[in-house]
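Remarks on the overall topology
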Amino acid sequence: AQSVAQPEDQVNVAEGNPLTVKCTYSVSGNPYLFWYVQYPNRGLQFLLKYITGDNLVKGSYGFEAEFNKSQTSFHLKKPSALVSDSALYFCSNTDKLIFGTGTRLQVFP
Amino acid sequence: DAGITQSPRHKVTETGTPVTLRCHQTENHRYMYWYRQDPGHGLRLIHYSYGVKDTDKGEVSDGYSVSRSKTEDFLLTLESATSSQTSVYFCALGSSGEQYFGPGTRLTVT
């Protein structure tokens, strides 16, 4: 079955440190992969996507993600975390209309 | 959330009553979706529409029905609400795989 998995329910990081939010996938065909962010009491907002091309994808708010076909992963990264990055992050394959369970990112001052 | 509104934003209802949630868009998107968000489950697709009067079921469609009589409106109906349908419901529009989400409706079934 096709799926997208986020193995960590929560990630804690200090402000200024690099952050990584993990995502692995199992989809047939080309894996069109996306990251979304959800702030409290809001809908999801698109951050970035991988369709084809460069494995390193840059998106909004300084986030980037690295597509790794051999490891079937699409981890979200940011070189220097901000307190304002604290939110719920979802990995998805919206081409197949499936989402991961979400990872809550908490950035501490 | 620009261009997508959901109503009501909050609703408390009793078990067994019918409930209709409305999604309205001003973007003229062909594809519209209804999801529910629950802790530990992420977002799960209920139903989607690929045009006026064209709808299809998603992963968790049991107990829900939808209608789309015009491009801008996509209605989600719970014919007889149950406590397991307590959730946050999101409408979304689709384009090239990217989706744009409404602000959500928090539904509590008591």
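The text that follows walks through the structure, step by step, so that each part is easy to find.

Scanning chain A for helices and strands turns up 0 helices and 12 strands. For a compact globule of 109 residues, the expected C-alpha radius of gyration is about 13 Å, and chain A comes in at 13 Å, within 12% of that figure. Principal-axis analysis of the C-alpha atoms gives chain A an extent of 40 × 30 × 20 Å. Every one of the 109 residues in chain A was classed for burial, and the buried ones make up 45%. Within chain A, contacts between residues at least 6 apart in sequence are counted, and of these 55% link residues at least 24 apart. Total accessible area computed for chain A in this model is approximately 5300 Å², and 48% of it derives from carbon and sulfur atoms. For chain A, the centre of its 9 positive side-chain charges and the centre of its 8 negative side-chain charges are spaced 4 Å apart.

Moving on to the nonpolar core. The biggest cluster of nonpolar side chains holds 27 residues, and the ones touching the most others in it are A:Trp35, A:Leu47, A:Leu48, A:Phe74, A:Leu76 and A:Tyr89. At the level of secondary structure, the elements contributing two or more residues to this core comprise strand 2 (10–14), strand 3 (19–21), strand 5 (33–38), strand 6 (44–50), strand 8 (64–68), strand 9 (73–78), strand 10 (87–93) and strand 12 (103–108) of chain A. For A:Tyr89, the contacting residues outside a window of four places in its chain are A:Gln6, A:Trp35, A:Tyr36, A:Val37, A:Leu47, A:Phe63, A:Leu76, A:Gly102, A:Thr103 and A:Leu105. In this structure, B:Cys23, B:Val66, B:Leu78 and B:Leu107 belong to the second largest nonpolar core, which totals 19 residues.

For the bond from B:Ser7 to B:Pro8, the omega torsion is -10°, close enough to zero to count as cis. Structurally, B:Pro8 is set in the loop between strand 1 (4–7) and strand 2 (10–13). With a phi angle near 45°, A:Thr72 is a residue other than glycine that sits in the positive phi range. As for its placement among the helices and strands, A:Thr72 is situated in the loop between strand 8 and strand 9. Residue B:Lys53 is not a glycine yet carries a positive backbone phi of 65°. Take B:Lys53: it is sitting in the loop between strand 5 (42–51) and strand 6 (54–57).

What follows covers the sheet that holds strand 3 (residues 19–25) of chain B. Residues and elements named next belong to chain B. Spatially, 1-3-8-7 is the arrangement adopted by the 4 strands of the open sheet, whose pairing is antiparallel. Among the strands making up the open sheet, the edge pair consists of strand 1 and strand 7 (64–70). The average undirected angle you get between the axes of adjacent strands in this sheet is 20°. Pairing geometry for strand 3 and strand 8 (residues 73–78), over 6 bridges, is antiparallel. Of the residues in strand 8, the one forming a bridge with Leu21 is Leu76.

Rules and cut-offs
Residues numbered from 1 in each chain as written. Chains lettered and ligands numbered in written order. Predicted model: local features only at pLDDT ≥ 70, side-chain atom pairs only at ≥ 80, totals over all residues. Heavy atoms only, no water. Helix = DSSP H or I, 4+ residues; strand = E, 2+ residues; numbered from the N terminus. Rg over C-alpha atoms; globule rule 2.2 N^0.38 Å. Buried < 20%, exposed > 50% of the residue type's maximum accessible area, 1.4 Å probe, protein only. Contact = heavy atoms within 4.5 Å. Areas by Shrake-Rupley, 256 points an atom, 1.4 Å probe, with all protein chains shown as cover. Lys, Arg positive; Asp, Glu negative; His and termini not counted. Charge placed at Lys NZ, Arg CZ, Asp CG, Glu CD. Core = buried A, V, L, I, M, F, W, Y, C linked by side-chain atoms within 4.5 Å. Pairing = 2+ DSSP bridges. Axes fitted to C-alpha atoms, helices over the stretch in contact; angles between N-to-C directions.

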